[in-house]
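In case you want the letters, here they are:
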Amino acid sequence: MAATLRRFNGLRLLKSTPALNLQQAKNLSSTSSWASNNKKLIGAIGAVTGGVGALLFALEQSVEASGSEVHAPAQPWSHRGLFSSLDHQSIRRGYEVYKQVCSACHSMQYIAYRNLVGVSHTEEQAKAEAEQITVRDGPDDTGNYFDRPGKLSDYFPSPYPNEEAARAANNGAYPPDLSYIVSARKGGEDYIFSLLTGYHDAPAGVVLREGQYFNPYFPGGAISMAQVLYNEVIEYEDGTPPTQSQLAKDVATFLKWTSEPEHDDRKQLLIRVIGILGFLTAISYYIKRHKWSSLKSRKIVFVPKEK
Amino acid sequence: MKVIYNTLFKRTSTYAVAIMASAFFFERAIDVSANMIFDTVNKGKLWKDIKGKYE
């Protein structure tokens, strides 16, 4: 810090200055003494920063009308606020939707059953969920591989052994892994919701190949995933009416959680950070006033030497 | 103020102890109040609010 001050100001701020100059704070401003190179440097940094900021703002505000897809409208998610957590009842229902609908084609290889504990399921329930799958394990004492029921530490099973098998079963289209899909798509959970509820008949002039469907939210419009969510396509265990939008909302919330498992902790931490930084700001302000009080209130009297 | 200075801040030993003790209480106060705010804002949405239904 001192070195930086020294560089821009010479010794002006570091040495004690004749007190008359200090009587007004504006006289402390030392820009007038900067070398012209420094002024140019500071000016350039300011211009570049402003320019980059304006560019980012413009890109973010742009209509993006050149693409062929419709942009997902923002939905009133209950986890949208600065301090708002995910709706865990919704995560639990979303898991049901994923398990009974999505997992037929989509893998979720980075989420394990243990991750559900304390988020949407109790430990016993998560164990029961895990035991429904069969995991190939081994080698055992005799060197053979064997099948066993799943454990808490097992990851969600993949519907296909590899990408080639997945493509072969889906007309050459690869159903993406859903673990981080909300973070991986522009629009996040809004996009997932709109995509799942946005299927239409193809408008005139749009040619779809065999096994393709029209969805205006999908880039290009032709998606290889058929509409999967209909009213009452599954039954919720908590009795919530399984309408199409409810199913889409719950599975989008679930996928938001799988993409950002730290979501709730992060928002809780924000409250803590605001508290601590607010406290430190108050202290800094007090200390600044404290240190400056003598400087601002002192009076310097010139007493000429008697001859 | 004078009492605080004379009992706590005057000697380095007591000053250090005062810093550590106040850091502890400050941390606890921030944690507890942050959790309380978070739980109040999100009442009904957290796992601890719904887990009663599943146990």
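Reading guide: rules and limits
Residues numbered from 1 in each chain as written. Chains lettered and ligands numbered in written order. Predicted model: local features only at pLDDT ≥ 70, side-chain atom pairs only at ≥ 80, totals over all residues. Heavy atoms only, no water. Helix = DSSP H or I, 4+ residues; strand = E, 2+ residues; numbered from the N terminus. Rg over C-alpha atoms; globule rule 2.2 N^0.38 Å. Buried < 20%, exposed > 50% of the residue type's maximum accessible area, 1.4 Å probe, protein only. Contact = heavy atoms within 4.5 Å. Areas by Shrake-Rupley, 256 points an atom, 1.4 Å probe, with all protein chains shown as cover. Lys, Arg positive; Asp, Glu negative; His and termini not counted. Charge placed at Lys NZ, Arg CZ, Asp CG, Glu CD. UniProt positions renumbered as here; feature names shortened; annotations may be inferred. Patch = residues over 30% accessible without salt bridge, like charges linked within 9 Å, V, L, I, M, F, W, Y side chains within 5 Å. Salt bridge = Lys/Arg side-chain N within 4 Å of Asp/Glu carboxyl O. Expected span 1.5 Å × (residues − 1). Buried area = accessible area lost by both parts, 1.4 Å probe. Polar contact = N/O pair within 3.5 Å; in protein donor to acceptor, adjacent residues only side chain to side chain.

**Observations regarding the overall build of chain A**
Across its full length, chain A carries nine helices and four strands. Secondary structure elements in chain A, listed N-terminal to C-terminal, are α-α-α-α-β-β-α-α-α-β-β-α-α. Relative to the globule expectation of 19 Å for 307 residues, the C-alpha radius of gyration of chain A, 31 Å, shows a markedly less compact shape. Here chain A, with 307 residues, has 32% of them falling under the buried criterion. Of the contacts made within chain A by residues no fewer than 6 positions apart, 62% connect residues no fewer than 24 positions apart. With an accessible surface of roughly 19400 Å², chain A has 57% of that area assigned to carbon and sulfur atoms. Treating the 33 positive side-chain charges of chain A as one cloud and the 31 negative ones as another, the clouds have centres 28 Å apart.

**Regarding the UniProt feature "domain: Cytochrome c" (unreviewed entry) in chain A**
The sites that carry the UniProt feature "domain: Cytochrome c" (unreviewed entry) are, in the present numbering, residues 89–241 of chain A. In residues 89–241 of chain A, helix accounts for 27% and strand for 8%; the two terminal C-alpha atoms are 14 Å from one another.

**Observations regarding the UniProt feature "transmembrane region" (unreviewed entry) in chain B**
Residues annotated in UniProt with the feature "transmembrane region" (unreviewed entry) correspond here to residues 12–30 of chain B. Helix makes up 100% of residues 12–30 of chain B and strand 0%, and the two end C-alpha atoms of the span are 26 Å apart.

**Side note on a nonpolar patch on the surface**
All names here are of chain A. A cluster of nonpolar side chains, contributed by Leu-269, Val-273, Leu-277, Phe-279, Leu-280, Ile-283, Tyr-286 and Ile-287, occupies part of the molecular surface with about 730 Å² of accessible area. With respect to the helices, strands and loops of the structure, Phe-279 is situated in helix 9 (residues 263–297). Its relative accessible area of 38% is what places Phe-279 among the partly exposed residues.

**Concerning helix 2 (residues 12–41) of chain B**
Taking 1.5 Å of rise per residue, the 30 residues of helix 2 of chain B would be expected to cover 44 Å, and the 43 Å separating its terminal C-alpha atoms lies within 8% of that figure. Taken together, the buried positions of helix 2 of chain B are occupied by Ala-18, Ile-30, Asp-31, Ala-34 and Phe-38 of chain B. Along its buried surface, helix 2 of chain B packs onto helix 9 of chain A together with helix 1 (2–9) of chain B.

**Re the UniProt feature "binding site: heme c" (unreviewed entry) in chain A**
Residues and elements named next belong to chain A. Here, UniProt's "binding site: heme c" (unreviewed entry) annotation points to Cys-102, Cys-105, His-106 and Met-225. These annotated residues cover 124 residues of sequence, but their C-alpha atoms sit close together, with the largest distance between any two at 10.6 Å. When you line up the elements, Cys-102 lands in the loop between helix 3 (88–100) and helix 4 (123–131). Filtering out sequence-adjacent residues up to four positions away, Cys-102 remains in contact with Val-97, Leu-178 and Val-251. Excluding anything up to four places from it in sequence, Cys-105 contacts Pro-159, Tyr-160, Asn-170 and Pro-175.

**Comments concerning the interface of chain A and chain B**
Counting residues at the interface gives 26 residues for chain A, matched by 16 residues for chain B. Taken over both partners, the interface formed by chain A and chain B buries close to 1800 Å², and the fraction arising from carbon and sulfur atoms is 64%. The interface formed by chain A and chain B holds one salt bridge in total. Residue Arg-272 of chain A pairs with Asp-31 of chain B through a salt bridge whose shortest N-O separation is 3.5 Å. Seen at the junction of chain A and chain B, the total is 11 residue pairs in polar contact (both at pLDDT 80 or more). Elements with a minimum of two residues in the side of chain A that touches chain B: helix 3 and helix 9 of chain A. Element by element, the count of residues in the side of chain A that touches chain B is highest for helix 9 of chain A, at eight residues.

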